[in-house]
Amino acid sequence: MRQRDGDGMTTGITGSSEHVGDSTDGTEAEGETGVPFDPDATGVIPRLPVLEGPAAPVPDAAADVADGDDDGDDEAETGTLPAIRLPATLHIGTPPKAPEDTKDPTELKATQEPKDPKEPKGTKDPGADKSAPTVDDSAAGTVPTKVTAAPVASLAVEAPPAPAKAPVEPPATTPASTATKTPAKPPTKAPATAEPAASEPAPAKAKGLGERLRQLGRSAPMWLPALLTVEGLIMYVLALRVAPGPLRGVNPADINGLGLIAALPASAFAAILIMLVSFFVTVAQSTDRKFLLLFQIAVITFALHGAGSLVASEPRFPTAYIHAGFVDFIGRTGETAISIDARMGWPGYFALFAFVTKAAGISDMTTILQWTPLLTNLLYLLPFVLILRQVVATTRARWYAALLFVLVQWIGQDYFSPQGFTFALYLAFVAILLRWFGRVEPRTKPIAPKGLRKLLGRLDAMTPGEIANTGTFRADRLLMLLMLLALFFAATASHQITPFMMLGVVTAFLIFKRTKLTWALPFFLGLAVLAWISYETVGFWAGQIDAIFGGLGRILTNLQRNTGDRIAGSDPAHALVLQARLGILVVILALAATGLFRRLRRGVVDRAALILLCVPVLALGLQSYGGEIGLRIYMFALPGACLLAAYAFFPNLPADSADVREETVPMRKRNVRFNPELTRKLSVVLAACFAVVFAGAFLIARYGNEKFERVTTGEVAAMHYIYAHDKPSAKVLYLTAKEGPEVTPTLPWGEKDIELVNFNGQALVYQDPTNIAKAVATLKASQRNTYLAVSTGQIAYLQLNEGFPADWGPRFRAALDASPDVKRVYANKDAALYTWKKFVKGTEIPEPRSYLGPGDPTSPWTPVGLAALALTWATLFGYEVIRLNGPNRAVKARRRLLWVAIPAFAVAVGVIIERFIYIASNT
């Protein structure tokens, strides 16, 4: 019902005819808010739906902002007020008096809702404040109206039944809503609605503490793995670094044929187990916590690959000292000398550290040698994780592959060596190929009806296991191409095998269409390797053509020298170490085959992983590499093997390329026998069991030679005595049970003065420690200032690998001490030095052999070959750079470059072959 008042204003809500205000000057009577009257309003008050139930406050602008829904345009579009839930008794009219003036307390109590004692402070109770909110419709052309629910009513209207919940839309942005941001004086509230100041302090505090504990328990999956990882790390460091005692500390005397694992305390194994458990707890979660997982893998790497550095008093592995000697020599002389050692023909790594140590003023490389194994393995993780990002796999598969890479990398080439450094370059090379030059194209050709072409076509039509990268800029690709070349050149100048592995991977990627690069690149890189060998390492191959190329095609012979000959240890415990290494190889290859099969069943073919696994095996047909080519093949095959092995447990594809947290469920034609959720949980448990087994096997395989690979302080002191007495030269004889060029000293040799001290002397010894005749005769026939070195490392090697008795060392030293022909010039508990006693007085010590030499030989066509090399590299590089624009860009220019590059390449290769033939026949 509507009525028009004396001022011509329409007032009232259905059932009411009272005036909202009685002012004649166009302003609203002053209420609790004091909102002024809008003279531009239309004078129409909209109908407000009356709903049953307790009064709910209309959300103000501040609440809208807090909820992220501050649009403020709903009422402006409709021109009506939102539906408001009011109490069953509605009071309209003059604002009521304060509750303290109410005479009937029972009526006041009936109109108020009791406050929930469980409600925290600061929460607004709809029943606590009985004054309804003020609604301003001035922007919509209506008169501001105040609806008040008071304990004393002038007019009561019973509301009809209403839905249980009515939507409340935010009001339009008006001056009133602006006022909510700077609220006016709040309305006066009744004392009954005010909360007592100290009504519930103790219960609220107790419940708050309990709630915090419950929240802490619910959030345990977020913080517990990180806490366990840190706890395991601290526990592990303490277990290895504290003084030996029950369940703690490492006593070097306990190291036996099993290696370091025999001396590790039980607390160290418990710490490793804690780290692995925390890793799998994180992996099992539905979120991809990249930084935590990377931190956990880094901690596990520290525990496994840093154990030797934590325990040893001196840098371990004797060969690291000769590499430090190369760095020292280059830093002092600024030159390299193949005549001293063939490894100086690839001096890139040594020259780099010579520059770094000289620029930094480092004279003692002990710390660098000590921690290089750990730092090298941490360096491997960065490019390998980038490789894992380029494969189509779930989060669990990727991170488990990274963990496997840490657990099965027992080769031990991570010490201070060019091989360890260039392997990191190899991983970075592969990562760049996949990330910036990867190629994934669906098959468009029809599949052949039968035969081998049908099988290959079906494989080609499967889902690729690599991620296709799009949207890279040409400048980025050009920069990465230059980075590829830099990595390859650095590896070529630093190591003999690594550049061939890089070249093989690029060629295989081109054959199997997994790179956007062209065939110009492998010809460019292959020519660089041949040129380095031909022009920069002449002093190495000039007289050893048969040693270099004699092993070509002898696959079975090379395999025997790398497997059977290495298991023929005499000590039973040490034979178990060698068998454990082969066991890890067999298990990881079996898991890789299983993972490949499970991926193929899901319609996925992982060409990149197969290439990384299979290409290194081709090196077995080259040569034995001193009996170590098998170890290098295993090392370079690890990235592909670990990735495929992870698929044995987690073969599914990610549900979405943008969200790798979920997995697809493979579709089968027959009914699924297992619950996918249960299968995923069992996969995690099974993967964790394999990881624990691999961790234990790693400690045996990696540190199984610790008894003779560890270096003691006494051995280093004995070598320093020689360096102090090597003027103008000196020679060292080391113990061996069989003479040969592939037998190296098992002592820290060559750390200093490598041009003055000759370590090529061998003293033949026998299982009978009293039989010293051969060693004494060799010492007598040597030049003056020659030392026979007897050390604990050499003795341990003879005992574990040659079957020498356990007391051989002390008895052999006693026999030398009793000999009338030799004298002991230096001795400690770990080493002793002997020299010939009857040198004629006045005999001069010979001058050392000059390391400069007469110069590298050359051939008549060498200048022509150098010119052809430069021309070939320039044209092939230009061809590859132009090709970065696209396959159809500048076709004529590229064709012209090829017409120049092909004959230049033929001339360059011809001159390289001519140099091998001419120099070898005239040397």
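Our subject is the structure listed above.
From a predicted model like this one, the values you see are computed outputs, not experimental measurements. (Residues numbered from 1 in each chain as written. Predicted model: local features only at pLDDT ≥ 70, side-chain atom pairs only at ≥ 80, totals over all residues. Heavy atoms only, no water.)

Peer 1: Teacher, can you tell me more about the overall build of the protein chain here?
Peer 2: What the protein chain contains, in helices and strands, is 33 helices and 17 strands. A burial count over the protein chain gives 46% of its 923 residues as buried. Across the protein chain, contacts joining residues at least 24 apart in sequence account for 80% of those joining residues at least 6 apart. Accessible surface, the protein chain as shown: approximately 45,100 Å² in total, 62% of it carbon and sulfur. (Helix = DSSP H or I, 4+ residues; strand = E, 2+ residues; numbered from the N terminus. Buried < 20%, exposed > 50% of the residue type's maximum accessible area, 1.4 Å probe, protein only. Contact = heavy atoms within 4.5 Å. Areas by Shrake-Rupley, 256 points an atom, 1.4 Å probe, with all protein chains shown as cover.)

Peer 1: Would you mind showing me how to read the nonpolar core here?
Peer 2: When a protein is soluble and globular, its nonpolar side chains tend to lie buried together. Membership of the largest hydrophobic core comes to 131 residues, with the highest contact counts inside it found for Tyr-236, Tyr-400 and Tyr-426. Element by element, the count of residues in this core is highest for helix α25 (residues 629–647), at 15 residues. The contacts of Tyr-400, once residues within four sequence positions are left out, are Phe-279, Phe-280, Ala-646, Phe-649, Phe-650, Ala-687, Phe-690 and Ala-691. Of all hydrophobic cores here, the second largest spans 37 residues; its members include Ala-324, Met-344, Val-716 and Ile-754. (Core = buried A, V, L, I, M, F, W, Y, C linked by side-chain atoms within 4.5 Å.)

Peer 1: Would you explain a nonpolar patch on the surface in this entry?
Peer 2: Taken together, the side chains of Leu-209, Leu-213, Leu-216, Met-222, Trp-223, Leu-224 and Leu-227 present a nonpolar region at the surface, about 660 Å² in accessible area. When contributions to the nonpolar patch are tallied by element, the ones reaching two or more residues are α5 (201–218) and α6 (220–241). With 4 residues, the top contributor of residues to the nonpolar patch is α6. Note on placement: Met-222 falls in helix α6. (Patch = residues over 30% accessible without salt bridge, like charges linked within 9 Å, V, L, I, M, F, W, Y side chains within 5 Å. Salt bridge = Lys/Arg side-chain N within 4 Å of Asp/Glu carboxyl O.)

Peer 1: Looking at this structure, I do not really get the packing of aromatic side chains. What am I missing?
Peer 2: One pair of aromatic rings is described through two measures. These are the centre distance and the angle between the planes. Applying the stated criterion to the full structure yields 33 aromatic pairs. Relative to Phe-416, the ring of Phe-353 has its centre 4.9 Å away and its plane inclined at 75 degrees; by these criteria the two rings are edge-to-face. Of the two residues, Phe-353 sits in helix α11 (residues 348–360) while Phe-416 sits in the loop between α13 (395–407) and α14 (418–437), which places them 63 residues apart along the sequence. Consider the rings of Phe-649 and Phe-650, whose centres lie 6.4 Å apart with planes at 50 degrees: the pair is tilted. Owing to a relative accessible area of 4%, Phe-650 belongs among the buried residues under this scheme. (Phe/Tyr/Trp six-rings, centres within 6.5 Å; stacked < 30°, edge-to-face > 60°.)

Peer 1: How should the packing of helix α12 (residues 366–388) against α14 be read in this particular structure?
Peer 2: In a pair of packed helices, the angle between the axes and the distance between the axes together describe the arrangement. Two numbers describe how α12 lies on α14: the axes approach to 8 Å, and their chain directions differ by 15 degrees. Our classification of the angle between α12 and α14 gives roughly parallel. α12 and α14 meet at a crossing whose hand is left-handed. Two secondary-structure elements touch here, α12 through Thr-376, Leu-379, Tyr-380, Pro-383, Leu-386 and Ile-387 and α14 through Gly-420, Phe-423, Ala-424, Leu-427, Ala-428, Val-430, Ala-431, Leu-434 and Trp-436. (Axes fitted to C-alpha atoms, helices over the stretch in contact; angles between N-to-C directions. Parallel < 35°, antiparallel > 145°, perpendicular 65-115°, else oblique. Left-handed = near helix turned anticlockwise from the far one by under 90°.)

Peer 1: Just checking my understanding: could you explain the pairing of strand β13 (residues 730–736) for this structure?
Peer 2: Regular strands have side chains that alternate between both faces of the sheet. Taking burial as the measure, the 7 residues of β13 include 6 buried ones, the bulk of the element. Across 3 bridges, β13 lies against strand β15 (residues 786–791) in parallel orientation. If you follow Leu-733 over to β15, its bridge partner there is Leu-788. (Pairing = 2+ DSSP bridges.)

Peer 1: Would you mind showing me how to read helix α29 (residues 773–781) here?
Peer 2: The periodicity of an α-helix, 3.6 residues per turn, causes residues three or four places apart in sequence to face the same way. By the burial criterion, the buried members of α29 are Ala-775, Val-776 and Leu-779. Taken down its axis, α29 places every buried residue within 95 degrees of arc, on the same side. Away from the buried face of α29 by more than 90 degrees, exposed residues Ala-773, Lys-780 and Ala-781 are located. Buried residues along α29 sit against β13, β14 (757–764), β15, α31 (808–818), β16 (822–827) and β17 (831–836). (Arc of directions from axis to C-beta.)

Peer 1: Can you walk me through the pairing of β15 in this structure?
Peer 2: Counting buried residues along β15, 6 of its 6 residues qualify, which places the element largely inside the surrounding structure. Here β15 shows a buried face lined by Thr-786, Leu-788 and Val-790 and a second buried face lined by Tyr-787, Ala-789 and Ser-791. Judged from the 4 bridges that link them, β15 and β17 form a sheet pairing that is antiparallel. Each bridged residue has a counterpart across the sheet, and for Leu-788 the counterpart in β17 is Tyr-834.

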